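Analysis of the macromolecular model
For reference, the chains in residue letters:
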Amino acid sequence: MTPLILAIDQGTTSSRAILFDAQGDRVAFAQQEFPQHFPQNGWVEHDPDDLWQSTLHTARDVLASEGIDAQAIVGIGITNQRETTLVWDRHTGTPLYNAIVWQDRRTSEQCQTLRDAGHTGLIQEKTGLLIDPYFSATKLGWILDHVAGARDRAVRGDLLFGTVDTYLIWKLTAGRSHVTDATNASRTCLFNIHDQCWDDDLLALFDIPREMLPEVKDCADDFGQTDPDWLGLSLPIAGVAGDQQAALIGQTCFEPGMVKSTYGTGCFMIMNTGSSAQSSEHKLLTTVGYRLKGEVTYAMEGSIFIAGAAIQWLRDGLRLFSNAEETESLARQTTAGHGVYLVPAFTGLGAPHWDPQARGAIFGLTRDTGIAEIVAAGLQSVCYQTRDLQTCMNQDVGCEAQTLRVDGGMVSNNWVMQFLADILNVQVDRPTLLETTALGAAYVAGLQLGWYDSLDDIAALWQKDCSFSPQLDDDTRQRLYDGWLNAVARVKSDIAE
Ligand SMILES: Nc1ncnc2c1ncn2[C@@H]1O[C@H](COP(=O)(O)OP(=O)(O)O)[C@@H](O)[C@H]1O
Ligand SMILES: O=P(O)(O)OC[C@H](O)CO
């Protein structure tokens, strides 16, 4: 019986459960989407029960797959959408409010007030983050301020806070473990990434009672034992990492300077910066890449809110095609000089602009413009945004990464990958397994369970599907990118005002 690890990947739009063997090969897979709730403009919520039930359902499904003996499962790794914030009653387990999702902008005004009061420096210094509704702290404060009696109950120690990993572990262990890992903690804006602890100054600034915070563990650690009622047997939860850090691990970017970029709903580009918490001059984030045996590896991150979501909009909003895969043949019908730029600033712009007021636009339309050109511009927008991040990252770290490892749903599109290589002028490497987030969770659990002795053992498992090398001449590359910069300048709010 080949031993297996169950990787749970609780994402923004779906939950996945994947069984991996020690070679990192995918043995079985289950996925379930769940509803998104948009109660007001800019608000995004998930029902905590949907997060839990879809996780449980997919985990049970995958264990029931043909040919799988549940006794072969040796442990669980969890990876999750980050920053999304939950509060529940310690005694009854009842959530106080829906999960407030990372995309939710309801605390924009409060963030502006904090910026105006001059707190940016303190927050950046301690957390590596910026003041933005993206992170958990103001979402948690919002729940405490808007649910009647919540703050008093929190101070009395009756309420628990968690990101999605914490909530799922608490459920899976039937309330016995209230824990998180250092990567998820590093996205709350309450965690000091240098001291690796919840920070009193930040707790005071955001008015968060310490009693409700989980214990912070390494990524490979003992997170508790699942209650046998859920999966029919009790399993150790042995690894946890936020999904983008899990992708860094799944892509085995273990050397300083190695970079991965994940293209799902959004795009998250992360560079390993080793033991140095390198700060950015360009509004990129400094974050915990992973923490193993108490040793922190830091990372620099650029977060783009709309990547694959732009393709969804072209499909569902404009109905230009019925399946995302069709975009590749449409784009192949266009020429390099089609001149159309689509800036998908539907919810503002993320890194490096952090402009919540910016809105999307399409430029360069002529009588020749057809569906193919608009679709190509949508695909290209993801590559241009990656170039924005690459430029900042290279300047921040003072060197240029020569290769980029990519993953996520969009990277199956060969046309996009070639354009990405062309516009970045680096080699783009695509691995055979694109579910690198789940794989990363399995790897950290595998470290804890003794499957691997070191990160070198894991690095040896990375397998390339193919590489895309730059083919564009420098002049054309620069001309195309200049057109993008011009388009972005025209949607930014300071230009519009
Ligand atoms: N062949 C393709 N070309 C372009 N975009 C694609 C393609 N296949 C999937 N996508 C986009 O990738 C996204 C799905 O990727 P996935 O990694 O599953 O996202 P997430 O985990 O964020 O839900 C969708 O937004 C979809 O529009
Ligand atoms: O669920 P994903 O894959 O869209 O990832 C969401 C990120 O973790 C948000 O920071």
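In case you missed it, the structure is sitting above this.
From a predicted model like this one, the values you see are computed outputs, not experimental measurements. (Residues numbered from 1 in each chain as written. Chains lettered and ligands numbered in written order. Predicted model: local features only at pLDDT ≥ 70, side-chain atom pairs only at ≥ 80, totals over all residues.)

Observations regarding the site of ligand 2
Here is the rule: Using a C-beta atom placed from the backbone, a residue is scored as near a molecule or strand whenever that atom is within 6 Å of it. Asp, Glu, Lys and Arg are counted as charged, while Ala, Val, Leu, Ile, Met, Phe, Trp, Tyr, Cys and Pro are counted as nonpolar; the rest, among them Gly, fall into the polar class.
Around ligand 2 sit Gly 11, Thr 12, Gln 81, Arg 82, Glu 83, Trp 102, Gly 242, Asp 243, Gln 244, Gly 264, Thr 265 and Gly 266, and those are all the residues in its vicinity. Looking at the shell around ligand 2, its residues break down into one nonpolar, eight polar and three charged.

Comments concerning the sheet that holds strand β13 (residues 237-242)
Cut-off, in case you're wondering: Criterion used throughout: strands pair if DSSP finds at least two bridges between them. Segments assigned H or I by DSSP are reported as helices when at least four residues long, segments assigned E as strands when at least two residues long, and all are numbered from the N terminus. The angle between two axes is taken between their N-to-C directions and runs from 0 to 180 degrees, where each axis is a line fitted to C-alpha atoms and a helix contributes only its stretch in contact. We call two residues in contact when the distance between their C-beta atoms, placed using the backbone, is within 7 Å.
Across the sheet, which stays open at both edges, the five strands sit in the order β3-β2-β1-β5-β13 with mixed pairing between neighbours. Edge positions in the open sheet fall to β3 (26-33) and β13, since each of these has one partner strand only. Between one strand and the next, the sheet's axes are offset by a mean angle of 15°, whatever the strand orientation. As defined by bridge partners, strand β2 (residues 14-20) adjoins β3 across seven bridges and the pair is classed as antiparallel. Among the inter-strand pairings, Leu 19 is bridged to a residue of β3, identified as Ala 28. Against the sheet, helix α6 (residues 164-172) makes contact with β1 (4-10), β5 (73-80) and β13, and its axis sits at roughly 145° relative to β5, the strand it touches most. Along the sheet, helix α15 (residues 436-448) contacts β1, β2, β5 and β13; its crossing angle with β5, the most-contacted strand, is approximately 130°.

Here we look at the site of ligand 1
Around ligand 1 sit 19 residues in total, of which Gly 264, Thr 265, Gly 308, Gly 409 and Asn 413 are the nearest. Listing elements by their share of the shell around ligand 1, those giving two or more residues are α11 (308-317) and α12 (326-332). For the shell around ligand 1, the element with the highest residue contribution is α11, accounting for four residues. Its residues assigned to classes, the shell around ligand 1 shows four nonpolar, 13 polar and two charged.

Some thoughts on the pairing of strand β21 (residues 427-431)
We apply this condition: The crossover handedness rule: strands pointing away from the viewer, path from first strand over the helix to second strand clockwise, crossover right-handed.
In this structure, strand β20 (residues 403-407) lies alongside β21, joined through three bridges in parallel fashion. When the bridges of β21 are listed, Leu 404 appears paired with Val 428. For the crossover from β20 across helix α14 (residues 414-424) to β21, the handedness is right-handed. Bridge count for β21 against strand β22 (residues 464-468) is four bridges, and the pairing is antiparallel. Bridge pairing in β22 places Arg 430 opposite Cys 466.

Overview of the pairing of β20
Here is the rule: Counts of 20 or more other C-beta atoms within 10 Å of a residue's own C-beta define buried residues, counts of 12 or fewer define exposed ones, and intermediate counts define partly exposed ones; C-beta atoms are placed from the backbone.
Judged by how many residues are buried, β20 sits mostly within the fold: four of five residues are covered. The pairing of strand β14 (residues 259-263) with β20 spans three bridges and is classified as parallel. Each residue of the ladder has a partner; that of Lys 260, found in β20, is Arg 405.

Comments concerning the sheet that holds strand β15 (residues 267-274)
Overall, mixed pairing links the seven strands, which are arranged β16-β17-β15-β14-β20-β21-β22 in an open sheet. Looking at which strands have only one partner, the edges of the open sheet turn out to be β16 (285-292) and β22. Across the sheet, the mean angle from the axis of one strand to that of its neighbour is 30°, orientation sign disregarded. In this structure, β16 lies alongside strand β17 (residues 295-304), joined through seven bridges in antiparallel fashion. Looking across to β17, one finds that Thr 287 is bridged to Ala 299. Lying on the sheet, helix α13 (residues 371-397) is in contact with β14, β15 and β17; it crosses β15 at an angle near 20°.

Focus: unusual backbone geometry
In this structure, Pro 352 follows Ala 351 across a cis peptide bond, with omega equal to -5°. By the element assignment, Pro 352 lies in the loop between β18 (341-343) and β19 (361-363). In the Ramachandran plot, Cys 189 falls in the positive-phi region, its phi being about 75° despite a non-glycine side chain. Assignment of secondary structure puts Cys 189 in the loop between α7 (182-185) and β10 (191-192). Here Cys 189 falls in the buried class, since 26 other C-beta atoms lie within 10 Å of it. For Gln 196, which is not a glycine, the phi torsion comes out positive at approximately 55°. For Gln 196, the position within the fold is in the loop between β10 and β11 (197-198).

Read these as layout, nothing more, since geometry by itself doesn't imply function.
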